[in-house]
Amino acid sequence: MKKIILTLGMTLAISTSAFAAKNIVCEGESNSTAEKVRVEIADKKVTVTGGFLHTPHVFTQLTEVNGLITAPGLAVHYSDDYGCINDATIITETREPFGAGYMEAIQIQHCRGGSTPDYVCGFDRH
């Protein structure tokens, strides 16, 4: 009996981790600076790097409503097409000092991660 329970527990743990969504990573170019910008969306935080940022800007006070992720100084919207992340719009600051009003909208056609493997979504870059 213990062996059956252990086997079921291991199977459940493996299948749960296999279908867990990966962080969403959107990479694009700043419109105002033409610098690379990377936005990583995790379960409870969004991290923005690149542009003219000297250190990553990490947002943790997130609100998520109807597919829109917001925080002070951040708005993220994307289309989730069966687990493929497309048509992302990120509005945030890509230069310091934060809170100075240097907000810009960055459009990114395809993002990596999410619940569907990248190769299924046709995006297999590393």
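To keep things clear, this report deals only with the structure shown in the data block. These numbers come from a predicted model, not from an experiment. (Residues numbered from 1 in each chain as written. Predicted model: local features only at pLDDT ≥ 70, side-chain atom pairs only at ≥ 80, totals over all residues. Heavy atoms only, no water.)

### Section: the pattern of salt bridges
The full count for this structure, using the stated rule, is four salt bridges. Here Glu-27 and Arg-112 are joined by a salt bridge, their closest N and O atoms 3.1 Å apart. One end of the pair, Glu-27, is in strand E1 (residues 22–29); the other, Arg-112, is in strand E10 (residues 112–114), with 85 residues separating them in the sequence. The exposure class of Glu-27 is partly exposed, given its relative accessible area of 36%. Among the residues examined, Arg-112 registers a relative accessible area of 17% and is labelled buried. (Salt bridge = Lys/Arg side-chain N within 4 Å of Asp/Glu carboxyl O. Helix = DSSP H or I, 4+ residues; strand = E, 2+ residues; numbered from the N terminus. Buried < 20%, exposed > 50% of the residue type's maximum accessible area, 1.4 Å probe, protein only.)

### With respect to the nonpolar core
In this structure, Ile-41, Tyr-78 and Ile-90 are the most contacted members of the largest nonpolar core, which totals 20 residues. Broken down by secondary-structure element, the contributors of at least two residues to this core are E1, strand E2 (36–41), strand E3 (46–50), strand E6 (68–71), strand E7 (74–81), strand E8 (84–93) and strand E9 (103–110). Discounting chain neighbours no more than four positions away, the residues touching Ile-90 are Cys-26, Val-39, Leu-74, Ala-75, Val-76, Glu-104, Ala-105, Ile-106 and Ile-108. (Core = buried A, V, L, I, M, F, W, Y, C linked by side-chain atoms within 4.5 Å. Contact = heavy atoms within 4.5 Å.)

### Brief notes about the packing of aromatic side chains
For the structure on display, the rule yields zero aromatic pairs. Over the ring of Tyr-102 we find Arg-95; its NZ or CZ atom is 5.3 Å from the centre of that ring. (Phe/Tyr/Trp six-rings, centres within 6.5 Å; stacked < 30°, edge-to-face > 60°. Lys NZ or Arg CZ within 6 Å of the ring centre and 35° of its normal.)

### Quick word on the state of the cysteines
The full count for this structure, using the stated rule, is two disulfides. Each disulfide pairs two cysteine sulfurs, and for Cys-26 the partner residue is Cys-111, the sulfurs being separated by 2.0 Å. As the torsion about the S-S bond is roughly 105°, the Cys-26-Cys-111 disulfide counts as right-handed. With Cys-26 in strand E1 and Cys-111 in the loop between E9 and E10, this residue pair connects regions lying 85 residues apart in the sequence. Side by side, Cys-26 and Cys-111 carry an identical accessibility label, which is buried. Across the disulfide from Cys-84 sits Cys-121; the S-S distance is 2.0 Å. Its S-S torsion of approximately -90° makes the covalent link between Cys-84 and Cys-121 left-handed. Of this pair, Cys-84 sits in strand E8 while Cys-121 is found in the segment after E10, placing the two residues 37 residues apart along the sequence. (Disulfide = S-S within 2.5 Å.)

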